[in-house]
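Structural overview for review
So you can see what is in the structure, the chains are spelled out below.
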Amino acid sequence: MAGTASQPVRDGAKAARAVWSRDFALFFTARAVARLGDTMLPVALAAGLLQHGYGAGAVGLAMASTAAAFAGLVVFGGVLADRFSTRRLMIGADLVRLGTQALAAVLFFSGHVVLWQICAIGFANGVASAVFQPGVASTVPRLAADIQGANGAIRVAESAAQLAGPAVAGLLVGFASPGGVFAAHATTYAVSAGCLLLLRLPPLPPGSRAASGHGTRAFRADLLQGWREFLARRWLWSVIVVWCVYMIAVWGPTVPLVATEVVREHGPRAYGLVNSALGAGTVVGGLLALRLRPLRMLRAGAIALVGFAAFPASVGAGLGVPAMAAGAAVAGAGMSFWGVMWATSVQTQVPPDVLNRIHAYDVAGSLAMMPVGQALAGPAAAALGAGHVLLGAGAISFAVCASLLLIPAVRGLVRVEPAAAGSRGTPAATAPSSARKC
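The text that follows walks through the structure, step by step, so that each part is easy to find.

**Description of the packing of helix α2 (residues 22-51) against helix α6 (residues 147-175)**
Running from N to C, α2 and α6 point in directions that differ by 30°, and their axes come no closer than 7 Å. Our classification of the angle between α2 and α6 gives roughly parallel. In this structure, α2 meets α6 at a crossing whose hand is right-handed.

**Looking at the environment of S85**
Note on placement: S85 falls in the loop between α3 (56-83) and α4 (86-110). Judged by relative accessible area, which is 32%, S85 ranks as partly exposed. As a C-alpha pair, S85 and L201 span 116 residues in sequence and 9.9 Å in three-dimensional space.

**Some thoughts on the pattern of salt bridges**
Applying the stated rule across the entire model yields five salt bridges. Two residues, R97 and D94, come together in a salt bridge whose shortest N-O distance is 2.8 Å. Taken together, the positions of R97 and D94, both in helix α4 and three residues apart, correspond to about one turn of that helix. Here the two residues R97 and D94 agree in accessibility, since each one is buried. Of the charged contacts in the structure, one is a salt bridge between D146 and R293, with a shortest N-O distance of 2.6 Å. Here D146 is found in the loop between α5 (115-143) and α6, whereas its partner R293 is found in the loop between α10 (268-291) and α11 (297-305), with 147 residues between them in sequence.

**Brief notes about the nonpolar core**
Counting residues in each nonpolar core, the largest one holds 59 residues, and the members touching the most others are V74, W235, Y246, L305, F311, W338 and W342. Of the residues forming this core, the biggest block, 12 residues, is contributed by helix α9 (residues 234-266). Of all hydrophobic cores here, the second largest spans 22 residues; its members include L49, C119, V173 and V181.

**Some points on the packing of aromatic side chains**
In this structure the tally under the stated criterion is 12 aromatic pairs. Between W227 and F230 the ring centres are 5.5 Å apart and the planes differ by 20°, which places this aromatic pair in the stacked class. Of this pair, W227 and F230 both sit in helix α8 (residues 215-231), three residues apart, roughly one helical turn. Note on F230: relative accessible area 5%, which makes it buried. Arranged with centres 5.9 Å apart and planes meeting at 55°, the rings of Y246 and F308 form a pair that is tilted. Of this pair, Y246 sits in helix α9 while F308 sits in the loop between α11 and α12 (310-316), and the two are 62 residues apart along the sequence. Accessibility assignment for this pair places Y246 and F308 in one class, buried. These aromatic residues form a ring-pair network of at least three members: W235, W243, Y246, W251, F308, F311, W338 and W342. One residue, R97, lies across the ring of F132, its end atom 4.9 Å from the ring centre.

**Details of the environment of F308**
Residue F308 is classed as buried on the basis of its relative accessible area, which comes to 0%. When the C-alpha atoms of F308 and G332 are compared, they prove to be 6.9 Å apart, with 24 residues separating the residues in sequence. Contact partners of F308, with chain neighbours within four places excluded, come to Y246, V250, W251, T254, A331, M335 and S397.

**Observations regarding helix α16 (residues 386-406)**
Because each turn of an α-helix spans 3.6 residues, side chains separated by three or four positions end up pointing in the same direction. Counted at 1.5 Å a residue, the expected span for α16 with its 21 residues is 30 Å, and the 30 Å between its end C-alpha atoms agrees. Looking at the buried side of α16, the elements it contacts are α9, α11, α12, α13 (321-349), α15 (370-384) and α17 (408-411).

**Section: a nonpolar patch on the surface**
A cluster of nonpolar residues, W227, L231, W237 and V241, forms a patch on the protein surface that exposes about 360 Å² of accessible area. Broken down by secondary-structure element, the contributors of at least two residues to the nonpolar patch are α8 and α9. Within the fold, V241 resides in helix α9. Taking the relative accessible area as the measure of exposure, V241 reaches 48% and is therefore partly exposed.

What counts, and where the lines are drawn
- Residues numbered from 1 in each chain as written.
- Predicted model: local features only at pLDDT ≥ 70, side-chain atom pairs only at ≥ 80, totals over all residues.
- Heavy atoms only, no water.
- Axes fitted to C-alpha atoms, helices over the stretch in contact; angles between N-to-C directions.
- Helix = DSSP H or I, 4+ residues; strand = E, 2+ residues; numbered from the N terminus.
- Parallel < 35°, antiparallel > 145°, perpendicular 65-115°, else oblique.
- Left-handed = near helix turned anticlockwise from the far one by under 90°.
- Buried < 20%, exposed > 50% of the residue type's maximum accessible area, 1.4 Å probe, protein only.
- Salt bridge = Lys/Arg side-chain N within 4 Å of Asp/Glu carboxyl O.
- Core = buried A, V, L, I, M, F, W, Y, C linked by side-chain atoms within 4.5 Å.
- Phe/Tyr/Trp six-rings, centres within 6.5 Å; stacked < 30°, edge-to-face > 60°.
- Lys NZ or Arg CZ within 6 Å of the ring centre and 35° of its normal.
- Contact = heavy atoms within 4.5 Å.
- Expected span 1.5 Å × (residues − 1).
- Patch = residues over 30% accessible without salt bridge, like charges linked within 9 Å, V, L, I, M, F, W, Y side chains within 5 Å.
- Areas by Shrake-Rupley, 256 points an atom, 1.4 Å probe, with all protein chains shown as cover.

Okay, structure coming up:
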């Protein structure tokens, strides 16, 4: 009996060692702190620009400048990440954002706020983020033997930051000024850069080939190679195609229309409660992803993603605040669990020497259609009614999950585990290669 009772303890300690190390703890801290700062930024931009006489259109333009630069350049960032040291690129990107956010803080503290300057700062942040983000994909497998556990831990931390960030920003705006939020945001990039500076990345697995050559031709060749590798994996591009539909018809309209409907019918406090429930659900989903180890990860993730339909449907149906909060929590858990399954699949199924480029194509494809969905939300609500659009988004969410499950390459993809022996993050197949690369 004693041996049986102690087995879960030993298994838990072994799992913890497979994730947590000095270097992963540094990376984890960098991601969590930077995410906290990123969730503070919308509050700072809205409060700061409104205080200086600008309207909602200016706030949207400032946010769009960052999103446009990121979405347009992240693919090129993936090529850079495969050609150069990802750690140095990430540190450099953090230092750039430290400088730009410090400059924004100075502008807001001084009261000299000009919209084009704020947009230029946002654009520079987007460029730096496009350089930073691709390296995240290849860093996790090099730091943790349990890649799914590492992704789950990071997702929980980022979800907690999503909950805390707006509240912290609100307090800073109330007790200091929007400039104080920008100063705090700059500090989070300083902490992230410091953690990454102390980080020691192990070498790439044997056989990995770094991108080589110089000049525009070599850069273009690397870009095309990443695209060919992307197209060679049917499960990968199939998910991105489905995700484009998801962004246009589900996620894009859900975010603005839920905010509008809940605030209009129940007030801003109710919207804050629903948003907090969504964040709490993402924490729960991350915790579940730490515990559950499905053999077919994308199939399990697609089933969990069905829960997102509860969010737009509960609001579209005009249910009470408790029901909407419950729907938001279920949606957050499903989305978070899918996110961990997806990130782990990409990081374990793709060769290390092209992982950054493939991750960049993944990010660009996933985000490309979100602005389209957001732009169409208003006209669709005017023509059909916001409630009907949200109910439609819930129904389409079911259809999207069914589409994922109907694609053989997606539902049949078998998980890959790190090798028991060898360097950290080197994947070892648990299934024939034909099942891993479709």
